[in-house]
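Residue strings, one per chain:
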Amino acid sequence: MLPRPRPVLRIESDRSLHLPSANDAGFAHACKPVAALDRPMKRASPQKVACSFAARLVDWQRIAGRSGLPWQGTRDPYRIWLSEIMLQQTQVSTVIPYYLRFLERFPDVQALAAAPLDDVLAAWSGLGYYSRARCLHRAACQVVDEHSGIFPREFAAVLALPGIGRSTAGAICAFAFGQRHAILDGNVKRVLARHAGIEGWAGDPPVLAALWAESVARLPPAVDEADAPGVDDRGAPAVDETDAPDAAGAGQTEIGTYTQALMDLGAGPCARSRPRCGDCPVSTDCVARLSGRIEAIPAPRPRREMPHRASAVWLLLDSERGVLLERRPPSGIWGGLWSLPQAIDAQVEASIRASDGALQALAPIEHAFTHFRLRIEPLLVRMHRVQDAGAALQAHDGESGRRWVALEQLESVALPAPVRTLLETLRNGGAGLQPRLPGLS
Ligand code: SF4
């Protein structure tokens, strides 16, 4: 029996997706050839629908899912946690080199907790969404301080760590501890919305609640959990085998494989655009497919105008000292990273503006944040052309939160991606840097 269609909604933007599309290199490299493993059901009860759904996905994952990714094949919660955080809003192929480098630099939770935040941000630099790195560091300190350096096994304790939400906690507990918890990342929302026919935008609380209910209801039975049941997503004891729905056809299900299968289906066949339903192991009872509403489900996030902001930044470049950087406040945009100053000493600015050929306004750089677009307007100053350059240079020496950094040492500094790109372009000769107003240089 098919689930009844529900009220329509819309789905959140792809920025929330933490797995690649079917065309993504990460998926393509990790995937085996897809085989159709559909098992049609006849008048199954909702419990059997859930069991059959899980069983088909597990079978499919073992044959056609991704394997060989650096964070697979381990039950080390630190490594799994790190991968889950990095994969939020970031594609697999982008994450892999960062993940490997990060593990080399911080091989365990103790090493991460002991490191200065600056080092962690530097290792994260370029991956974006830096609050993830700050939370990761805070959580590592919390694991060391409150859990004697051992990553907690209880769902509620995992969920209490900074930067870990319900879905991430569920994935960590499933992969690392074999516990039976639901997940609901962006890709899984799409899979469940289509398969169950849940319409509307997943950002709407009633729709989100329906999707969570669907995700929990479809969990496979806990027949082979490696550990004693922990707690469920509300902090209650996790469902064990005796509480599980009819396990017919799902007796060999393993929660980690099922969780991976859900992720793989969303990243592969059930991609946002042009899903490959012929490769899908649960296509026979997919409500969206059967009702011809694949394109309509899930509904996109309601359109809204993205506000624009503009900010001039000073790019003070000295042949001996390098570039002047300023640390951002600990929270907010680029929190804790080193960026270009938005304001400089008033006398220095007056001296720069009075110096012939010292100031060059570069072409603006557009950068998109989640909630607005930022237009960065760099003002390049070649300090050797500034009148009384010595005094100008000294004006910013010793200021707390500011430092000169040699262009050759940028790799060791936590910089926002567009600032890094700008400075590296400058370091490499400046090809591609266009003056905003011809004649200013
Ligand atoms: S049948 Fe198609 S739309 Fe439905 S879950 Fe499978 S891939 Fe997605």
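Look up a bit, the structure's there.
All chains use their own residue numbering, which begins from 1 and follows the written sequence. For a predicted model such as this one, the threshold for reporting local features is a pLDDT of at least 70, and the threshold for listing and counting side-chain atom pairs is 80 or more; totals across whole chains, interfaces and linings nevertheless cover every residue.

Caption draft 1: Region of interest: the pairing of strand β8 (residues 373–382). We call two strands paired when DSSP finds no fewer than two bridges between them. The helix count covers DSSP runs of H or I at least four residues long, the strand count covers runs of E at least two residues long, and both are numbered beginning at the N terminus. As paired strands, strand β3 (residues 308–318) and β8 are joined by 10 bridges and run parallel to one another. Each residue of the ladder has a partner; that of W314, found in β8, is L379. Where strand β6 (residues 359–361) and β8 come together, three bridges link them in antiparallel fashion. Residue pairing across strands places L359 opposite V381, the latter belonging to β8. Pairing of strand β7 (residues 365–368) with β8 involves four bridges; the strand directions are antiparallel. Bridge assignment links E366 to a residue of β8, and that residue is R375.

Caption draft 2: Representation of the environment of L87. Within the fold, L87 resides in the loop between α3 (77–86) and α4 (92–105). Spatially, the C-alpha atom of L87 lies 9.6 Å from that of Y99, the residues being 12 residues apart in sequence.

Caption draft 3: The arrangement of the site of the ligand in detail. Contact assignment follows one rule, namely that a residue is near a molecule or strand if its backbone-placed C-beta atom lies within 6 Å of it. In the region of the ligand, 14 residues are neighbours, and C270, C277, C280, S283 and C286 sit closest. Listing elements by their share of the shell around the ligand, those giving two or more residues are α10 (186–196) and α13 (287–290). The biggest single contributor to the shell around the ligand is α10, with three residues. Gly counts as polar in this scheme, as do all residues outside two lists: the nonpolar Ala, Val, Leu, Ile, Met, Phe, Trp, Tyr, Cys and Pro, and the charged Asp, Glu, Lys and Arg. Of the residues that constitute the shell around the ligand, the class distribution is 10 nonpolar, two polar and two charged.

Caption draft 4: The packing of α10 against helix α11 (residues 205–217), seen in detail. Across the interface, α10 lies against α11 with an axial gap of 10 Å and an inter-helix angle of 85°. Our classification of the angle between α10 and α11 gives roughly perpendicular. Between α10, through V188, K189, L192, A193 and A196, and α11, the contact on the second element is made entirely by L211, E214 and S215. Taken together, the residues that form the contact of α10 with α11 break down as five nonpolar, one polar and two charged. Interaxial angle, 0 to 180 degrees, is taken between N-to-C directions of lines fitted to C-alpha atoms, where a helix line uses only the stretch in contact. Here the word oblique covers every angle except those under 35 degrees (roughly parallel), over 145 (roughly antiparallel) and from 65 to 115 (roughly perpendicular). Note on contacts: residues are paired as contacts if their backbone-placed C-beta atoms lie within 7 Å.

Caption draft 5: Local environment of α3. Of all 10 residues making up α3, 10 are buried, and the element is well covered by its neighbours. With C-beta atoms placed from the backbone, a residue counts as buried when 20 or more other C-beta atoms lie within 10 Å of its own, as exposed when 12 or fewer do, and as partly exposed for counts between those limits. Taken together, the buried positions of α3 are occupied by P77, Y78, R79, I80, W81, L82, S83, E84, I85 and M86. Next to the buried residues of α3 lie α4, α5 (109–114), α7 (131–146) and α9 (166–177).

Caption draft 6: Unusual backbone geometry, seen in detail. For the peptide bond that leads from I297 to P298, omega is -10°, which places it in the cis range. Structurally, P298 can be placed in the loop between α13 and β3. In this model, S148 sits at a positive phi of 55°, which is unusual for a non-glycine residue. Classification of S148 by C-beta neighbours within 10 Å gives exposed; the count is 7. The phi dihedral of W334 is positive, around 55°, even though this residue is not glycine. Here W334 is to be found in the loop between β4 (322–327) and β5 (338–339).

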